[in-house]
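Architecture at a glance
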Amino acid sequence: SRSRSRSRDRDRGRDRSLSSSSSSSSEDSAEREERMQRERDDREERELKREQRKAAKKAARVQTAATAKAGLLQWRFLIKQDDPIDEDTFDVTLLASCPPELRVNSIVTAEDWGRLEPYLRESFEIPTSVKIGLQGKVLFSGKQALFFKVRDQPTLSTVRVQIERLGQLLVDETGVTVEVEICAVDVGKKLKAKSKPRTRKQEASTTKLDKLKSSVYGVTASTRSYVTGSWKPASSDIMRSEPEYLAKYFEGRGLTEKVMGNADYHPSPVVLICPFDSCKKSH
């Protein structure tokens, strides 16, 4: 009986020892798993922070490049003509901003409305009684990438920020242009377009063309009729002295043949009369 009791005590002791060992092993396994999970989380967090730092550095480089390029863009200002015919539209091209080392009072850029507005008024001969604003487009290879309006310094500064935010697209694009129309802010008012100053060569060409017209029609500019002229030897002499007139003449004949089916519809090299009653212009 005593032997059996001692045997049972030994068995219980072994069971408790095995149970304790098993429990300790389970706890060790759980701790290892927890420690490994923490290590994995730490690695993932470090990797995430590393990627974020790389992305931030890249974004900073792109932003710096975009800011630099935006400052070097040339803004072309003009007043649009409803019906441009012969004269070239007068325009003014200014840098978006000027580098600090080159900044002097004589240089006007597109970053300071206080200096830009009076400069545009003087250049385009706009009276001070008319309030003006700007509306423009940033073009990438001729396609609109951004449209903007400017009325004062805050809106002008906002446009600069918007252009810079084009970021990588701005940096990568090689054909960036900025076209800006000067317009009247007041409802019902319209600005008058200005033509480019004529060069001496253009003035001389105009004088010679007037002589050619007079030789063909034989009357002054105020009374000449463009449908009763006739070609004369003096006309041929003028044509021979100005080769580009011949090129324009044959170009006009080719166009007349395409439109009218007959190159001799109107043989004068000076002007073509539109045959349609609805059109009152000469071409």
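Turning our eyes to something else, we now look at the sheet that holds strand β3 (residues 132–140). The strand order across the open sheet built from five strands is β2-β1-β5-β3-β4, with neighbouring strands paired in mixed fashion. The outermost strands of the open sheet, each flanked by one partner alone, are β2 (91–95) and β4 (143–150). Neighbour-to-neighbour, the strand axes of this sheet turn through a mean angle of 25°, independent of strand direction. Summarising the sheet, strand β1 (residues 74–78) and strand β5 (residues 176–184) pair through four bridges and their orientation is parallel.

Counting 36 residues, the largest nonpolar core has W75, F77 and I182 as the members making the most contacts within it. Look past the residues within four positions of W75 in its chain and what remains in contact with it is V92, T93, L94, A96, A110, F148, L156, V159, I163, V178 and V180. Membership of the second largest hydrophobic core comes to six residues, among which are L212, Y217, I238 and Y245.

Before going further, it helps to examine the pairing of β4. As judged from the seven bridges shared by β3 and β4, these two strands associate in the antiparallel manner. Each residue of the ladder has a partner; that of V138, found in β4, is L146.

This part covers the packing of aromatic side chains. What the rule picks out here adds up to three aromatic pairs. Look at W75 and F148: their rings are 5.5 Å apart centre to centre, the planes differ by 40°, and that puts the pair in the tilted class. Placement of W75 in strand β1 and of F148 in strand β4 is noted, with a sequence separation of 73 residues between them. Residue classification places W75 among the buried positions, given a relative accessible area of 2%.

With that settled, consider unusual backbone geometry. With the exception of glycine, most residues fall at negative phi, and the peptide bonds are largely trans. A positive phi angle, close to 55°, is found at E125, a residue other than glycine. Turning to its location among the elements, E125 is positioned in the loop between α2 (113–124) and β3. The class for E125 is exposed, based on a relative accessible area of 61%. Positive phi, normally seen in glycine, also occurs at S141, with a value near 50°. Of note, S141 is situated in the loop between β3 and β4.

As a further point, take the pattern of salt bridges. The full count for this structure, using the stated rule, is eight salt bridges. For R76, the salt bridge is made with D91, and the minimal N-O distance between the two is 2.6 Å. Within this pair, whereas R76 is found in strand β1, its partner D91 is found in strand β2, the two being separated by 15 residues in sequence. Accessibility expressed as a relative area gives 27% for R76, which makes it partly exposed. Note that R121 is salt-bridged to E117, the shortest N-O span being 3.2 Å. Highlighted residues: R121 and E117, both in helix α2, separated by four residues, approximately one helical turn. According to the relative accessible area criterion, R121 is buried, its value standing at 12%. Taken together, the salt bridges that share partners define one network made up of R76, D91 and E179.

So, about the confidence of the model for the chain. With 68% of its residues at a pLDDT of 70 or more, the chain shows a mean pLDDT of 77. Taken together, the stretch residues 267–283 has pLDDT below 50 and engages in 31 contacts with residues farther than four places along the chain or on a different chain.

On the surface, R53, K57, K58 and R61 cluster together into a positively charged patch. Mapped onto the elements of the fold, K57 is located in helix α1 (residues 2–72). Residue classification places K57 among the exposed positions, given a relative accessible area of 57%.

Attention now moves to the side chain of E181. With respect to the secondary-structure elements, E181 resides in strand β5. Of the side chains bearing the opposite charge, K80 lies closest to the buried E181, which forms no salt bridge; the N-O distance is 4.1 Å. In contact with E181, other than residues within four places in its own chain, are L78, K80, G133, L134 and Q135.

If you check which residues of helix α6 (residues 233–241) are buried, you get S235, I238 and M239. Viewed along the axis of α6, the buried residues span an arc of 100°, placing them on a single side of the element. Opposite the buried face of α6, by more than 90 degrees, sit the exposed residues P233 and R240.

Parameters at a glance
Per chain, residue numbering runs from 1 following the sequence as it is written. Only residues with pLDDT of at least 70 are given local features in this predicted model, and only at 80 or more are side-chain atom pairs given and counted; all residues enter the totals for whole chains, interfaces and linings. To get the side-chain values, all heavy atoms of the structure are used, and hydrogens and water are removed first. A pair of strands is labelled paired if DSSP reports no fewer than 2 bridges between them. Think of it this way: any DSSP run of H or I at least four residues long counts as a helix, any run of E at least two long counts as a strand, and we number them from the N terminus. Axes here mean lines fitted to C-alpha atoms, for a helix over just the part in contact, with angles spanning 0 to 180 degrees between N-to-C directions. Within this scheme, the nonpolar core is defined by two criteria: the residues are buried Ala, Val, Leu, Ile, Met, Phe, Trp, Tyr or Cys, and they are joined through side-chain atoms within 4.5 Å. The buried label applies to any residue whose accessible area, calculated with a 1.4 Å probe on protein chains only, is under 20% of its type's maximum; exposed applies above 50%, and partly exposed to all values in between. Any two residues having at least one pair of non-hydrogen atoms within 4.5 Å are treated as being in contact. Any Phe, Tyr or Trp ring, taking Trp's six-membered ring, that has another such ring centre within 6.5 Å forms a pair; planes under 30 degrees apart are called stacked, those over 60 apart edge-to-face, and the others tilted. A carboxyl oxygen of Asp or Glu within 4 Å of a side-chain nitrogen of Lys or Arg is what we treat as a salt bridge. Confidence scores labelled pLDDT are given residue by residue by the predictor and lie between 0 and 100. Residues enter patches when their relative accessible area tops 30% and they take part in no salt bridge; the joining distance is 9 Å for like charges and 5 Å for the nonpolar side chains Val, Leu, Ile, Met, Phe, Trp and Tyr. Residue exposure ignores everything except the shown protein chains as possible cover, and the areas themselves are Shrake-Rupley values with a 1.4 Å probe. For the purpose of counting charges, residues Lys and Arg are taken to be positive, whereas Asp and Glu are taken to be negative. His and the chain ends are not included. To locate a charge, take NZ of a lysine, CZ of an arginine, CG of an aspartate or CD of a glutamate. For this quantity, the arc is that covered by the directions from the helix axis to the C-beta atoms.

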